[in-house]
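Structural description and commentary
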Amino acid sequence: MNKLRISQRVSQVIHSPIRKFLPLVLKAEAKGIEVLKINVGDPDIEPSPKFWQALKKFPPQNLGYAPSPGIAEHTRAWQKYYTHFGLKLKPENIIPTVGCAEAMLFSLLVTTDPGDEIIVFEPLYSSYKGFAAVCNIKLVPITLRVDSGFALPNEQTIAKKITSRTKAIVVVNPNNPTGTILTSREITRLINLAVKHHLFIITDETYREIIFKGRPGSLLQITRARQQMILVDSASKRFSCPGARIGCLVSYNPAIMAAALKLAMVRLSAPTLEQYGLIPLLNNPRAFTRTITREYKKRRGAVIKGLRQIPGVTCYQPQGAFYLIAKLPVKNTEDFITFLLTSFQDKKQTILVTPAEDFYITEGLGRNEIRIAYVLDTKKLTRAMILLKKGLAEYQTRRQSS
Ligand SMILES: Cc1ncc(COP(=O)(O)O)c(C=O)c1O
């Protein structure tokens, strides 16, 4: 039996920082404590009724696999969706995937071989770390700081990280976990580097429409480096249906699409029913995405207002998505979160946030930071910030006296 060994590649995958406190949450809940969960990007907003109506239209029949390149009507709906952002795509430029997560994995597999390197900006959406470990590739981080609004460094600083093994740059825009949006100067910088060093750009635009100022767009609108770009996208957040597990991979480069299609065939298909369910939403996205963006803006306001009232907390006001990173006056936020779940309650309530350390690749960074996902209504978020304030005060008092 002890000759059976789990692979190295999976041993290197970290436990999701977002889900690792679940056992403590269950214990707290068993004691009758309500845990306000602002740790996971799993919104409380229901998808449009059009999604359910489209599902109901599906006749009771054999529920077969969808074609690997997507159900034609669904892929056409993505094609139509992208016209809102000035993108003219052909069906062969789009492959529906099992969420953006699968598109991310495909994009890494298509652009790298084991031992290759990818430039990323930390803090970074943690699934990239997991997939990189599985693909046996090295993520080379460029550290961004909360105090400087997570601004990208200049071209030379980024260029220093490029080696003969570098294959791609990953950008997440709008960003999870920082809530930042790339400025046009930053985008130009990245495109210049990609063109000069012959790198792919993997652009994750899961949160495209959830921005609080300006108009949503796509890096693919920039024609100069189009052939180098892979867009990985998702229906999960903009249509508030992460359980539908629908995303897509998009590229104007036929070689990329041919390679991605091979992978799509290996995994057979994206979910059949949900591809049908999403057609009306993709055909007519704006009403829903505008409504939820207004709601997230209100929620951002509630969180920022609450955080400003907590001594010693610094944060960057997010411009998009529904996350923010806050620096707390503690040494180790993992310890603080454990305290919140095991030794703290106020009127039988506590909160769960995510420690930011695992969003970093560089050892030791982010230990005094948390990520907040504002996925509850404003009333609950206001209460959550009060709980954070009270929890911090109690934690600090206990630490001082111990
Ligand atoms: C930046 C980013 N990319 C991809 C994903 C995964 O999306 P999906 O649910 O479509 O797999 C998430 C989910 O939180 C995300 O934040």
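Let me begin by describing the structure that accompanies this report. (Residues numbered from 1 in each chain as written. Predicted model: local features only at pLDDT ≥ 70, side-chain atom pairs only at ≥ 80, totals over all residues. Heavy atoms only, no water.)

Here the focus is a nonpolar patch on the surface. Taken together, the side chains of I6, V10, V13 and V134 present a nonpolar region at the surface, about 310 Å² in accessible area. Here V134 falls in the partly exposed class, since its relative accessible area comes to 31%. (Patch = residues over 30% accessible without salt bridge, like charges linked within 9 Å, V, L, I, M, F, W, Y side chains within 5 Å. Areas by Shrake-Rupley, 256 points an atom, 1.4 Å probe, with all protein chains shown as cover. Salt bridge = Lys/Arg side-chain N within 4 Å of Asp/Glu carboxyl O. Buried < 20%, exposed > 50% of the residue type's maximum accessible area, 1.4 Å probe, protein only.)

So, on to the packing of aromatic side chains. Aromatic ring pairs are reported here in terms of the distance separating the ring centres and the angle at which the planes meet. For the structure shown, the criterion picks out 15 aromatic pairs. With 5.8 Å between their ring centres and 20 degrees between their planes, W78 and Y82 make a pair best called stacked. One end of the pair is W78 and the other is Y82, both in helix α4 (residues 72–83) and 4 residues apart, which spans about a single turn. Residue W78 shares its accessibility class with Y82, and that shared class is buried. A centroid spacing of 4.9 Å and a plane angle of 40 degrees characterise the contact between F322 and Y323, whose relative ring orientation is tilted. Its relative accessible area of 0% is what places F322 among the buried residues. An aromatic cluster is defined as three or more aromatic residues linked by ring pairs; in this entry it consists of W78, Y81, Y82 and F85. When the ring centre of Y252 is taken as origin, the NZ or CZ atom of R226, which lies over that ring, is 4.2 Å away. (Phe/Tyr/Trp six-rings, centres within 6.5 Å; stacked < 30°, edge-to-face > 60°. Helix = DSSP H or I, 4+ residues; strand = E, 2+ residues; numbered from the N terminus. Lys NZ or Arg CZ within 6 Å of the ring centre and 35° of its normal.)

Attention now moves to the side chain of R299. For R299, the location among the structural elements is in helix α11 (residues 286–308). Once you skip the residues sitting within four places of it in the chain, R299 turns out to touch D44, I45, Y374, V375, L376, D377, T378 and L381. (Contact = heavy atoms within 4.5 Å.)

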